[in-house]
Amino acid sequence: MKMIFISGVCGVGKSTLMPYLRELLPTSFVVVDFDSRGVPDGADHTWRKSEAAHWIAEGATYQENGQQLVVCGFVKPGDFESAQLKELEIIVLDADTDTIRERLMGRYTKDGIFDETQTVIGKPVVEFIDGNVWYSQKMREESMSEGLSLVDTSHKTPAGVAQEVVQVITNP
């Protein structure tokens, strides 16, 4: 039984997907948010690697109890030791750049006004959004070269995406 990480840049729908997965997956699956322990300003590779190690340890505990952990959050294969990768299934949610930009602009709009003064993990919000849009293309290429499962969330409902993800999880 492999532990599952559902990854992707901000704006592809990882958090939105979680309640749908909890509803659709059998009760032996436990769905958690990678960031549930908090995200520090300036969160970087070192922090992600530490959190990934935490969730792998948690996943082992769940497996001992006959459950399978599904962790939703931004991770990359490089966040894991090579031996760990053999025990993992990484599913990458993807979306076209316009969809990602639109979703993130909506997330940081208050009362119909986009607030450029906000910061996200210590960066100005516009820089954060631009970085996510840029990295989404790179992550797509890296995921394809690693042979990871990709699920496109562009112009799809969360319920529809959840059904696709459940198919990947339950029919490896």
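Figured I'd write up the structure that's included with this text. Source: prediction; values computed, not measured.

### Digging into the side chain of N132
Part 1: Mapped onto the elements, N132 comes out in helix α5 (residues 125–146).
Part 2: Ignoring sequence-local partners within four residues, the contact set of N132 consists of V9, C10 and L104.

### Here we look at the packing of aromatic side chains
Part 1: In the structure shown here, the tally under the stated rule is five aromatic pairs.
Part 2: With 4.9 Å between their ring centres and 65 degrees between their planes, F5 and F80 make a pair best called edge-to-face. Separated by 75 residues along the polypeptide, F5 in strand β1 (residues 3–7) and F80 in the loop between β3 (68–72) and α3 (82–85) bring together distant segments of the chain.
Part 3: Ring geometry for Y108 versus F128: centroids 6.3 Å apart, planes at 85 degrees, classification edge-to-face. Of this pair, Y108 sits in the loop between α4 (97–107) and β5 (109–110) while F128 sits in helix α5, and the two are 20 residues apart along the sequence.

### Details of α5
Part 1: Taking 1.5 Å per residue as the helical rise, α5 with its 22 residues ought to reach 32 Å, and the 30 Å between its terminal C-alpha atoms agrees with that figure.
Part 2: In α5, a bend of some 25 degrees at Y135 exceeds every other bend along the element.
Part 3: Positioned one or two residues after α5, G147 has a phi angle of 75 degrees, which is positive.

### A closer look at the packing of helix α1 (residues 14–24) against helix α6 (residues 158–170)
Part 1: At their nearest, the axes of α1 and α6 sit 9 Å apart, and the two run at 55 degrees to each other. Here α1 lies oblique to α6, going by the angle between them. Judged by the twist between their axes, the crossing of α1 over α6 is right-handed. Residue-level inspection shows T16, L17, Y20, L21 and L24 of α1 in contact with α6, the latter providing P158, A159, V161, A162, Q163, V165 and V166.

### Some points on empty space enclosed by the protein
Part 1: Applying the stated rule across the entire model yields two cavities of 30 Å³ or more.
Part 2: By volume, the largest cavity amounts to about 50 Å³.
Part 3: Every residue lining the largest cavity is listed: V75, K76, P77, V92, M139, E142, S143, E146 and L148.
Part 4: In terms of residue class, the lining of the largest cavity is made up of five nonpolar, one polar and three charged.
Part 5: Roughly 30 Å³ of volume is contained in the second largest cavity.
Part 6: In terms of lining residues, the second largest cavity is bounded by V9, V12, V92, L93, D94, S136, M139 and R140.
Part 7: Listed by contribution, the elements that provide at least two residues to the lining of the second largest cavity are β4 (88–94) and α5.

Reading guide: rules and limits
- Residues numbered from 1 in each chain as written.
- Predicted model: local features only at pLDDT ≥ 70, side-chain atom pairs only at ≥ 80, totals over all residues.
- Heavy atoms only, no water.
- Helix = DSSP H or I, 4+ residues; strand = E, 2+ residues; numbered from the N terminus.
- Contact = heavy atoms within 4.5 Å.
- Phe/Tyr/Trp six-rings, centres within 6.5 Å; stacked < 30°, edge-to-face > 60°.
- Expected span 1.5 Å × (residues − 1).
- Bend = angle between axes of the 7 residues up to and from the residue.
- Axes fitted to C-alpha atoms, helices over the stretch in contact; angles between N-to-C directions.
- Parallel < 35°, antiparallel > 145°, perpendicular 65-115°, else oblique.
- Left-handed = near helix turned anticlockwise from the far one by under 90°.
- 1 Å grid on protein atoms, 1.4 Å probe; cavity = no way out; pocket = protein on both sides within 12 Å on 5 of 7 lines; lining within 4 Å.
- Points joined across faces, edges and corners; volume = space filled by probe spheres on them.
- Nonpolar A, V, L, I, M, F, W, Y, C, P; charged D, E, K, R; others polar.

These results come straight from atomic positions and should not be treated as a statement about function.
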